[in-house]
Amino acid sequence: MGKPRPLSPHLTVYRPLIGSYTSILHRATSAALLGGLGFLAAWLVAIGEGGALFDALSALWASPVGKVMLFGWTFCAFFYAAHWVRHFAWDMGYGFELPTARLTGRLALFGSAAASVLVWLYVAMRAT
């Protein structure tokens, strides 16, 4: 049968960098935003239909789980937009230097988190 083929050592040899994390997070946020569109569509149908579906979705958004989902989608939207701007700069030929790439990756990540917190602080202040 022969010797087994060697496995790729990429996860055991190379240390993940900020680019690795932002690339994976970009894919995860796009999947989460796509799932959020399903919830948005259901919510719009519930508004039109009213009744039990609207009550169920209203209860979901008011619950702690719903709030976490909404916060997560807010972060996903900010990160996706920030990462898109980063990629657009790369398409224009800017930001390939390693220090700049690291900085923009961190800015996209932490800036998105900060913007999400600020939005939800604003929402919380308006609710009181």
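See the structure above.
So, a few notes on the structure that sits alongside this text. Please read these numbers as outputs of a predicted model, since none were measured by experiment.

Conventions used here
Position numbers for residues count from 1 along each chain, tracking the sequence in the order it is written. With pLDDT at 70 or above as the cut-off, local features in this predicted model cover only qualifying residues; side-chain atom pairs require 80 or more to be listed or tallied, and sums for whole chains, interfaces and linings still use all residues. Side-chain measures were taken over the full set of non-hydrogen atoms in the model, leaving aside hydrogen atoms and water. The secondary structure listing takes helices from DSSP runs of H or I that are at least 4 residues long and strands from runs of E that are at least 2 residues long, numbered from the N terminus. In this setup the radius of gyration rests on C-alpha atoms only. A globule is expected at 2.2 Å times the number of residues raised to 0.38. Whether a residue is buried, partly exposed or exposed follows from its accessible area with a 1.4 Å probe, protein chains only, as a fraction of its type maximum: under 20%, in between, or over 50%, in that order. Note on contacts: a residue pair qualifies if any of its non-hydrogen atoms lie within 4.5 Å across the two residues. Asp and Glu are treated as the negative residues and Lys and Arg as the positive ones, with His and the ends of the chain left uncounted. By convention, the charge on Lys lies at NZ, on Arg at CZ, on Asp at CG and on Glu at CD. In summary, the pairing rule links any two rings of Phe, Tyr or Trp, Trp by its six-membered ring, whose centres are within 6.5 Å, and it sorts them by plane angle into stacked for under 30 degrees, edge-to-face for over 60 and tilted for everything else.

**Some remarks on the overall build of the chain**
Helix and strand content of the chain: 5 helices and 0 strands. Overall, the chain shows an N-to-C arrangement of helices and strands of α-α-α-α-α. Here the C-alpha atoms of the chain give a radius of gyration of 20 Å, more than 25% beyond the 14 Å that 2.2 N^0.38 yields for 128 residues. A total of 128 residues make up the chain; the buried ones form 17% of that total. At a minimum sequence separation of 6, the contacts of the chain that also span at least 24 residues come to 67%. Here the chain contributes 9 positive and 4 negative side-chain charges, whose respective centroids are spaced 20 Å apart.

**Describing the side chain of Thr29**
Looking at where Thr29 falls in the secondary structure, it is placed in helix α2 (residues 18-49). Judged by relative accessible area, which is 2%, Thr29 ranks as buried. When neighbours within four sequence positions are excluded, Thr29 is seen to be in contact with Cys76, Phe79 and Tyr80.

**What about the packing of aromatic side chains?**
Evaluated as defined, the whole model comprises 6 aromatic pairs. Summarising the aromatic geometry, the rings of Phe39 and Trp61 are spaced 5.7 Å apart at their centres and angled 70° between planes, so their arrangement reads as edge-to-face. Taken as a pair, Phe39 in helix α2 and Trp61 in helix α3 (residues 51-62) lie far apart in primary sequence, 22 residues in all. Accessibility expressed as a relative area gives 31% for Phe39, which makes it partly exposed. Ring plane angle 20° and centroid distance 6.2 Å describe the contact between Trp90 and Phe96, whose orientation is recorded as stacked. Look at Trp90 and you get partly exposed, because its relative accessible area is 22%. Residue class for Phe96 comes out exposed when judged on its relative accessible area of 53%.

Interpretation note: all reported values are geometric properties and have no functional meaning in isolation.
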